[in-house]
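For reference, the chains in residue letters:
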Amino acid sequence: MGDTTKRKSGRSDDPFDGEGGKSAKKSKKEKKEKKTREKRSDDESEDKSNHKSFPAASSGKTETPPPTTTKKRAFRLRLKGIAPNTDKAQVAQFLLVSESCVRNVFHGEAIVMVDTEEAFQRCVEKDDEKLNGRFVKVTDETNGARSNLGRNFLTPGNNGENNAEVKRKTTTNEREGRDWTCEKCGGENFARRETCYKCAAGKYGEQRETPPVMKTSASINTAVVKKQNNAGDRMVAQGSEQEGYEVFVKYLPKNVDESDIADFFKRCGELKEEVNLLRDQTTGSSKGAGFLTFRNAESREKALAMDGERFLDRTVSVTVAKKSPFGTRGTTQALGTHTPAMLRETIDSLGIANDPNGIYIDGTFGRGGHTRGILNALGKNGQLHAFDLDPEAITVGRALEKEDSRFHMHHSPFGSMFKVMREKDSKVKVSGVFLDLGISSPQFDDKSRGFRPEQDGPLDLRFDVTSGVSAYDFLLKVSRNDLRDIIFKYGETNDKLSAQRIADAIVLARDTNALPKTTKAFATLVANAKGAEYQAMHPAKMTFQALRIHLNEEFDEFRRGMEGAMKLLKENGKLGVLTWKHSECAILIEYFRKVEKVRTNAPIFEWLKTNHEKSVTKLLEKDDDDDDAWAAEMDDCKRPADIEMRTNSRSRSAILHVLRKKSSAARMVEAEKAAYKKLKWENKK
Ligand SMILES: C[S@@+](CC[C@H](N)C(=O)[O-])C[C@H]1O[C@@H](n2cnc3c(N)ncnc32)[C@H](O)[C@@H]1O
């Protein structure tokens with residue numbers, strides 16, 4: 001081959017040809033050159049033998065071997081680790097080749113084709129040098145095209161007819177267990193992966209199909225699961241018209257929120273769901289990553305093409321979101337943690353952005369998930385008061401009080417919020433109140449609290465273990481009929497007989513000194529009393545729930561809490577309530593009906609207005625100073641977005657209701673009362 005570095009380029013249109021030798025860095029460069037020359041001559045002899053033994057794909061004829069030495073031929077190089085936003089011109093300038101040689105700059109890589117050995121040499125010398133602040137890796141792919149990024153271009157001895165050979169070599173490489181390059185997006189993958197980590201296309205080019213969602217664990221195709229023996233491989237690209245097309249975005253700037261992200265990706269097309277930005281469960285602050293679900297595959301492709309773009313001060317990564325063969329992504333809910341449900345929706349619906357320096361109340365602190373989200377959204381003069389009964393919650397809250405002077409923790413039931421707040425300031429008005437009903441995940445998962453039939457712990461069931469009586473002590477005294485009614489009323493069942501049988505079994509056990517003191521034994525007693533039936537949950541779950549609701553007076557507390565909250569709210573202040581079960585929803589709606597503001601389209605109001613205008617005028621006349629003359633409007637009522645339900649499975653039963661206070665307003669019930677009087681109707685409650 002001779003010393004190729006001394007040759008001049010035959011191309012007249014290459015402005016940099018012939019200048020590369022000037023920048024030679026002697027010893028390092030010479031070593032590299034020698035190595036490259038040796039490799040080149042090895043490759044060429046290998047080429048020759050290959051060309052001799054393989055027929056050309058299209059003709060089936062034996063190919064003519066390429067000349068052993070040539071001045072003008074195609075060399076293919078791949079540059080890796082290129083800084084985002086580097087363009088072809090910059091790559092060309094870096095390599096000292098013409099811009100036309102740079103065929104593709106894509107996902108931090110570039111494909112470069114040069115046709116002289118001098119140019120090739122200059123490119124190779126740039127290996128491990130810095131371009132736009134990043135060390136770039138230059139690899140020679142002349143004899144082994146590994147991806148389709150430059151497949152239209154010639155490789156040595158390949159004039160376009162021997163694609164079969166290139167393909168065959170590539171496949172062999174891959175089957176030999178080497179790392180591989182995705183044909184679809186150019187992503188570099190470890191050999192063990194069967195699908196591209198970036199776009200989820202198959203290793204050998206085919207696009208993996210999303211498997212059908214499997215309904216029960218029994219129907220899981222275990223053969224398929226076994227074959228794919230690593231977690232990455234078991235995950236497949238998410239995407240269908242029904243569920244939308246999702247991407248996973250990371251390295252987002254920390255100070256952007258969901259709407260900024262939606263704006264950034266606006267040009268890709270319509271989103272099917274709200275942006276799901278992953279937030280720290282304790283601080284509520286962004287984790288710099290999230291999911292976006294587009295309406296169609298085309299939009300997702302556009303989003304994927306934004307991989308590596310700058311978003312403020314960061315370079316974002318965009319990849320296809322994956323899901324398990326069972327159709328869902330694993331929940332992010334771990335034991336002992338509490339992911340606040342509908343956090344973003346809660347903060348938005350309370351209207352904190354419009355009134356950041358107002359006073360707010362979180363009536364159910366828990367572990368402070370929503371509290372921290374609210375504090376994050378508050379201005380520096382805003383105030384947040386939180387309530388809880390659980391001593392562990394109080395400990396967490398006290399610690400937070402020390403960190404943030406805007407926060408105040410109260411160890412009191414939220415049903416007493418009016419009293420507690422007015423004791424401090426007799427005129428206080430608040431901008432928003434939030435209640436997240438029921439039990440928190442840490443309480444539920446902590447077996448020492450005895451909330452869960454599957455785990456063994458004391459039969460207690462109190463939120464506040466420092467007051468009241470435990471479930472065991474209660475069961476020692478309660479009458480059989482009262483117990484039956486409690487199980488029936490709060491167990492959300494129509495099955496009166498099963499409530500009766502459970503109560504009988506408990507009383508029988510008590511009267512024979514065999515009442516279990518621990519949850520598991522108690523759960524077995526209840527399950528045995530209940531007998532066989534289809535059960536999607538533990539047979540004792542609803543009995544535990546019923547006892548818990550009764551012991552903690554949950555429903556009465558809820559009613560007191562709503563009343564206290566509405567009285568404390570200022571005009572247009574909001575009460576947000578997260579309910580988790582039908583019975584809580586029913587209580588909220590029952591309460592709302594009683595305080596609902598007159599709706600002008602309500603038929604009875606229209607009738608009254610048409611026929612008794614004076615009564616309506618009187619009804620609507622309210623004294624501005626009358627603190628009790630208020631009503632409520634239903635501002636919003638929504639469920640978690642699909643994406644939240646997939647990432648936090650416990651959120652699936654949540655409903656966020658938002659009531660807005662209207663001061664000096666008449667209520668529907670007042671209009672009805674006036675109308676009934678005129679109609680001479682009975683007004684039985
Ligand atoms: C669903 S958790 C709230 C979780 C919280 N939003 C969070 O993100 O961490 C409900 C909390 O309300 C508390 N709680 C229940 N009833 C209460 C009441 N009447 N007064 C005050 N707190 C109560 C429970 O102890 C529990 O910690």
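Look up a bit, the structure's there.
Every chain begins its residue count from 1, and numbering advances along the sequence as written. Per-residue local features of the predicted model are confined to residues with pLDDT of at least 70, and side-chain atom pairs are confined, for both listing and counting, to 80 or more; whole-chain, interface and lining totals are unaffected and use all residues. Excluded from the side-chain calculations are hydrogens and water; all other atoms, namely the structure's heavy atoms, are used.

**Side note on the overall build of the chain**
Right, so step 1: Every helix listed is a DSSP run of H or I at least four residues long, and every strand listed is a run of E at least two residues long, numbered separately from the N terminus. Scanning the chain for helices and strands turns up 24 helices and 22 strands.
Right, so step 2: The buried label applies to any residue whose accessible area, calculated with a 1.4 Å probe on protein chains only, is under 20% of its type's maximum; exposed applies above 50%, and partly exposed to all values in between. In the chain, which comprises 685 residues, the proportion classed as buried is 49%.
Right, so step 3: Summarising the internal contacts of the chain: among those between residues at least 6 apart in sequence, 70% fall at separations of at least 24. The contact rule is simple, with two residues in contact once any of their heavy atoms fall within 4.5 Å.

**Quick look at the packing of helix 21 (residues 603–611) against helix 24 (residues 668–679)**
Right, so step 1: Note on geometry: axes are lines fitted to C-alpha atoms, helical ones only across the stretch in contact, with angles between N-to-C directions running from 0 to 180 degrees. Taken N-terminus to C-terminus, the directions of helix 21 and helix 24 make an angle of 55 degrees; their axes are 9 Å apart at the nearest point. Classed by the angle they form, the pair helix 21 and helix 24 counts as oblique. Here the hand of the crossing between helix 21 and helix 24 comes out left-handed. Contacts between helix 21 and helix 24 involve I604, F605, W607 and L608 from the first element and M668, A671, E672, A674, A675, Y676, K678 and L679 from the second.
Right, so step 2: Classifying every residue of the contact of helix 21 with helix 24 by side-chain character gives 10 nonpolar, no polar and two charged. Working definition: roughly parallel below 35 degrees, roughly antiparallel above 145 degrees, roughly perpendicular at 65 to 115 degrees, and oblique for all remaining angles. Crossings are sorted by hand: turned counterclockwise from the far helix by less than a right angle, the near helix makes the crossing left-handed, and turned clockwise it makes it right-handed. In this count, Pro and Cys sit with the nonpolar residues alongside Ala, Val, Leu, Ile, Met, Phe, Trp and Tyr, while Asp, Glu, Lys and Arg are called charged and the others, Gly among them, polar.

**Quick word on helix 11 (residues 391–403)**
Right, so step 1: For helix 11, spanning 13 residues, the distance from its first C-alpha to its last is 19 Å, which sits close to the expected 18 Å at 1.5 Å a residue.
Right, so step 2: Taken residue by residue, helix 11 has A393, I394, G397 and L400 as its buried positions. Along the axis of helix 11, the buried residues cluster in a sector spanning 120 degrees; they form a single face. Opposite the packed face of helix 11, turned more than 90 degrees from it, sit the exposed residues T395, K402 and E403. Here the expected length of a helix is defined as 1.5 Å per residue gap, with one fewer gap than residues. The arc refers to the directions leading from the helix axis to the C-beta atoms.

**Details of the sheet that holds strand 14 (residues 317–320)**
The strands that make up a sheet are held in pairs by hydrogen bonds between backbone atoms, and each pair lies either parallel or antiparallel.
Right, so step 1: Spatially, the four strands line up as an open sheet ordered 10-11-9-14, and their pairing is antiparallel. Of all strands in the sheet, those with a lone pairing partner are strand 10 (276–279) and strand 14, marking the two edges. The sheet shows a mean angle of 25 degrees between the axes of neighbouring strands, direction not considered.
Right, so step 2: Criterion used throughout: strands pair if DSSP finds at least two bridges between them. Sheet topology places strand 9 (residues 245–250) next to strand 14; four bridges connect them, and they run antiparallel. Counterpart to V249 in the pairing with strand 14 is V318.
Right, so step 3: The strands that helix 8 (residues 297–304) touches are strand 9, strand 11 (286–294) and strand 14; relative to strand 9, the one it contacts most, it runs at about 15 degrees.

**Re a positive patch on the surface**
Right, so step 1: Candidate patch residues must exceed 30% relative accessible area and have no salt bridge, after which like charges are joined if within 9 Å and Val, Leu, Ile, Met, Phe, Trp or Tyr side chains if within 5 Å. Accessible areas in this description were obtained via Shrake-Rupley with a 1.4 Å probe; residue shielding takes into account the shown protein chains only. Here, a salt bridge means any side-chain nitrogen of Lys or Arg that lies within 4 Å of a carboxyl oxygen of Asp or Glu. The charge count includes Lys and Arg as positive and Asp and Glu as negative, but it does not include His or the ends of the chains. Taken as the charge centre is NZ of Lys, CZ of Arg, CG of Asp or CD of Glu, depending on the residue. On the surface, K618, K673, K677, K678 and K680 cluster together into a positively charged patch.
Right, so step 2: Here the positive patch takes three residues from helix 24, the largest share from any one element.
Right, so step 3: With respect to the secondary-structure elements, K678 resides in helix 24.
Right, so step 4: Judged by relative accessible area, K678 falls into the partly exposed class, the value being 40%.

**Regarding the sheet that holds strand 21 (residues 630–638)**
Right, so step 1: Spatially, 18-17-16-19-20-22-21 is the arrangement adopted by the seven strands of the open sheet, whose pairing is mixed. In this open sheet, the two strands that pair with only one neighbour each are strand 18 (407–410) and strand 21. Direction aside, neighbouring strands of the sheet carry axes that sit 15 degrees apart on average.
Right, so step 2: Of the pairings in the sheet, the one linking strand 19 (residues 430–436) to strand 20 (residues 569–579) comprises six bridges and is parallel in character.

**Side note on the packing of helix 21 against helix 22 (residues 613–620)**
Right, so step 1: Contact geometry of helix 21 with helix 22 gives a least axis separation of 5 Å together with a crossing angle of 115 degrees. Within the contact between the two elements, helix 21 uses F605, L608, K609 and N611 and helix 22 uses E613, V616, L619 and L620.
Right, so step 2: Its residues assigned to classes, the contact of helix 21 with helix 22 comprises five nonpolar, one polar and two charged.

**Some words on the pairing of strand 11**
Along a regular strand, successive side chains alternate from one face of the sheet to the other.
Right, so step 1: Along strand 11, eight of the nine residues are buried, which leaves the element largely enclosed by surrounding structure.
Right, so step 2: Here strand 9 runs beside strand 11; their pairing, made up of five bridges, is antiparallel. Bridging from a neighbouring strand, V249 pairs with G290 of strand 11.
Right, so step 3: Strand direction decides the pairing type here: strand 10 and strand 11, joined by three bridges, are antiparallel. Residue pairing in the sheet places L277 in a bridge with G290 of strand 11.

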